[in-house]
Amino acid sequence: MDTHRAGGMEVVRVPFEGFAGHGDPPNCWFIPEKPLMLVDAGISRPGNLALVEGALAGFGLALVDVVTLVLTHWHWDHAGLTRDIAARSGAEICVHEAERSRLCGTPDEYKAIAEATRRFYRSHGFDKGLAGALVALAFEHEWTSVPAERARIVRDGDKVQAGPHSFTVLHTPGHTPGSICLFAAGD
């Protein structure tokens, strides 16, 4: 667990185990103040939920205190524990409108997205094997299945709250169509 000062707030980062990529592992971060907001849900691997619980406990907090979970994008290494966190908290789960079908859709919608991605790669000259391998890398992990009734669809300019801090959602497409960042003016 890493704690940093960022402007006028303390930010806690929870690194996750089971990262198979390169660079810094994905993580979840939070501001240890109520109302409690988590940003990203990391990788669904044994022990990772306990890492989140331990980090929260270090500040006298628990998963039941999570009011909001913001997912910066749909990839498995940022949204993997969403289902577990949702089951243990009453959190509203914020996802950008362009990520809705990837995070809140049905299994059939998710499969359709994977197939559309495969066709996209093929239409841009990737051979069948490489297109299949790239789709497998992105879609090999289980469908996240954010409970639709708990999802709050956010758009550029919307606000989310963490403790006394208000964040503006910035739509930053590129990594995924619905990637977002959070901006805290003054902090």
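All residue numbers refer to positions counted from 1 along the written sequence of the respective chain. Since the coordinates come from a predicted model, pLDDT governs what is reported: local features require at least 70, and pairs of side-chain atoms require 80 or more to be given and counted, while whole-chain, interface and lining totals use all residues. Here the side-chain values reflect all heavy atoms present in the structure, with hydrogen atoms and water set aside.

Trainee: What should I look at first to understand the environment of G8 in this one?
Mentor: The way it works is that DSSP assigns letters per residue, a run of H or I at least four long becomes a helix, a run of E at least two long becomes a strand, and they are numbered from the N terminus. Structurally, G8 is set in the loop between β1 (2-6) and β2 (9-15). For the pair formed by G8 and V64, sequence separation is 56 residues and the distance between their alpha carbons is 25 Å. Any two residues having at least one pair of non-hydrogen atoms within 4.5 Å are treated as being in contact. If we ignore the near neighbours within four places in the chain, the residues touching G8 are H165 and D187.

Trainee: How should I be thinking about helix α5 (residues 107-123) in this particular structure?
Mentor: Along an α-helix, residues three or four apart share an orientation, since each turn contains 3.6 residues. In this model, α5 (17 residues) spans 24 Å end to end at C-alpha, consistent with the 24 Å of a helix rising 1.5 Å per residue. Whether a residue is buried, partly exposed or exposed follows from its accessible area with a 1.4 Å probe, protein chains only, as a fraction of its type maximum: under 20%, in between, or over 50%, in that order. By the burial criterion, the buried members of α5 are Y110, I113, A114 and T117. Buried positions in α5, seen along its axis, are confined to an arc of 100° and lie on one side of it. α5 presents D108, K111 and S123 as exposed residues on the side facing more than 90 degrees away from its buried surface. Contacts from the buried residues of α5 go to α4 (100-103) and α6 (128-139). Just beyond α5, the residue with positive phi is G125, at close to 90°. Expected helix span is taken as 1.5 Å per residue step, with the number of steps being one fewer than the number of residues. Arc definition: it is the arc formed by the directions from the helix axis to the C-beta atoms.

Trainee: I keep staring at the pattern of salt bridges and nothing clicks. Help me out?
Mentor: Think of it this way: side chains of opposite charge can pair up when their charged atoms draw near. Salt bridges are defined by distance alone: a side-chain nitrogen of Lys or Arg within 4 Å of a carboxyl oxygen of Asp or Glu. In total, this model carries 7 salt bridges according to the counting rule given. The closest approach of N and O atoms between R100 and E109, which form a salt bridge, is 2.9 Å. Overall, the relative accessible area of 33% leaves R100 in the partly exposed class. With a shortest N-O distance of 3.1 Å, E115 and R118 are connected by a salt bridge. With E115 and R118 both in helix α5 and 3 residues apart, the pair spans about one turn of that helix. Relative accessible area serves as the criterion here: at 30%, R118 is assigned to the partly exposed category. Salt bridges here are not isolated pairs; linked through shared partners, they connect E115, R118 and R119.

Trainee: Looking at this structure, how should I read unusual backbone geometry?
Mentor: Most of the time, phi is negative for any residue but glycine, and the peptide bond is trans. Geometrically, the link from K34 to P35 is a cis peptide bond, its omega value of 0° lying close to zero. Mapped onto the secondary structure, P35 falls in the loop between β3 (27-30) and β4 (36-39). Even without glycine at this site, D40 takes up a positive phi of about 70°. Inspection of the secondary structure puts D40 in the loop between β4 and α1 (48-57). Overall, D40 belongs to the buried group, its relative accessible area being 5%.

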